[in-house]
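Descriptive analysis of the structure
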Amino acid sequence: SGIVVSPILIPENQRQPFPRDVGKVVDSDRPEGSKFRLTGKGVDQDPKGTFRINENTGSVSVTRTLDRETIATYQLYVETTDASGKTLEGPVPLEVIVIDQNDNRPIFREGPYIGHVMEGSPTGTTVMRMTAFDADDPATDNALLRYNIRQQTPDKPSPNMFYIDPEKGDIVTVVSPALLDRETLENPKYELIIEAQDMAGLDVGLTGTATATIVIDD
């Protein structure tokens, strides 16, 4: 076939102006007076009218803002037709790929988070796992999460009774077994504010928090 297409990449969340040219279809040996036609979901099927093609030049444009979390790729089809609308060549698949932006913050959606640990447990005992969800593209840093403990209440006998694995989200004990003693603790229960940050934990990342309650059991 003489129709040549290459995938079209469009960042999500683009603003005006629309329509915006995003690509071009070429047909070297197309007869005089023939026209380009574009079909598929996003053109003549819902979400209708998102993409269109200039029937004479083969220029493809997008007419509105895209959201990768709603639709990440569009499979369109290009053909050439004669003046009466009869197909001459194609249809040839044309893929539109929506490029992810970091527009979703991590969410802890499983809560409430309650963990138990026996008093006198050895240092390094895993109490529970906290995992957040990020709707951005999992293949990018936009959804690469890092965890940390923002606050521990009460902060006695040590303000750092626990540690969270920044990559896995596992909360472990970091104090000696003697400090995990129900009888000497004013309160056999701790509240930790856990933060998840995307962009691999860089300051430019978006954050989400949740409270973990840890009960020291007899």
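Residues numbered from 1 in each chain as written. Predicted model: local features only at pLDDT ≥ 70, side-chain atom pairs only at ≥ 80, totals over all residues. Heavy atoms only, no water.

Observations concerning the overall build of the protein
Within the protein, the secondary structure is distributed over 0 helices and 16 strands. Computed over the C-alpha atoms, the radius of gyration of the protein is 28 Å, more than 25% above the 17 Å expected from 2.2 N^0.38 for a compact globule of 218 residues. Its C-alpha atoms give the protein principal-axis dimensions of about 90 × 30 × 25 Å. Relative to its full complement of 218 residues, the protein shows a buried share of 38%. In the protein, the share of contacts with a sequence separation of at least 24, taken over all contacts with a separation of at least 6, comes to 64%. Summed over its atoms, the accessible surface of the protein is roughly 11700 Å², and 50% of this surface lies on carbon and sulfur atoms. Side-chain charges of the protein comprise 21 positive and 35 negative groups, with the mean position of each set lying 7 Å from the other. (Helix = DSSP H or I, 4+ residues; strand = E, 2+ residues; numbered from the N terminus. Rg over C-alpha atoms; globule rule 2.2 N^0.38 Å. Buried < 20%, exposed > 50% of the residue type's maximum accessible area, 1.4 Å probe, protein only. Contact = heavy atoms within 4.5 Å. Areas by Shrake-Rupley, 256 points an atom, 1.4 Å probe, with all protein chains shown as cover. Lys, Arg positive; Asp, Glu negative; His and termini not counted. Charge placed at Lys NZ, Arg CZ, Asp CG, Glu CD.)

Details of the side chain of Gln-197
Position of Gln-197 relative to the elements: it lies in strand E15 (residues 189–197). Those residues within four positions of Gln-197 in sequence are excluded, and the remaining contacts are Pro-106, Leu-144, Leu-145, Arg-146, Leu-202, Asp-203, Gly-205, Leu-206 and Thr-207.

Some thoughts on the pairing of strand E16 (residues 207–217)
Looking down a regular strand, the side chains alternate between one sheet face and the other. Examined bridge by bridge, strand E10 (residues 113–118) and E16 share 6 bridges and lie parallel to one another. By the bridge assignment for E16, Ile-114 is matched with Thr-213. With 9 bridges connecting them, E15 and E16 associate as antiparallel partners. Residue Gln-197 lies in a different strand from E16, and its bridge partner there is Thr-207. (Pairing = 2+ DSSP bridges.)

Considerations on the sheet that holds E10
Whenever strands of a sheet pair, they do so through backbone hydrogen bonds, lying parallel or antiparallel. Spatially, the 4 strands line up as an open sheet ordered E10-E16-E15-E12, and their pairing is mixed. Since the sheet does not close on itself, it has two edges, and those belong to E10 and strand E12 (146–153), each with one partner. Geometrically, the sheet is characterised by an average inter-axis angle of 30° between neighbouring strands, direction not taken into account. (Axes fitted to C-alpha atoms, helices over the stretch in contact; angles between N-to-C directions.)

Overview of the nonpolar core
Among the nonpolar cores identified, the biggest contains 24 residues, and Phe-108, Met-130, Ile-171 and Ile-194 are the most heavily contacted of them. Secondary structure elements with two or more residues in this core: E10, strand E11 (126–129), strand E13 (162–164), E15 and E16. With residues up to four places along the chain from it excluded, the contact list for Ile-194 reads Phe-108, Met-130, Tyr-147, Asn-148, Ile-149, Ile-164, Ile-171, Gly-208, Thr-209, Ala-210 and Ala-212. Counting 20 residues, the second-largest nonpolar core is a separate cluster that includes Val-25, Phe-36, Tyr-74 and Val-92. (Core = buried A, V, L, I, M, F, W, Y, C linked by side-chain atoms within 4.5 Å.)

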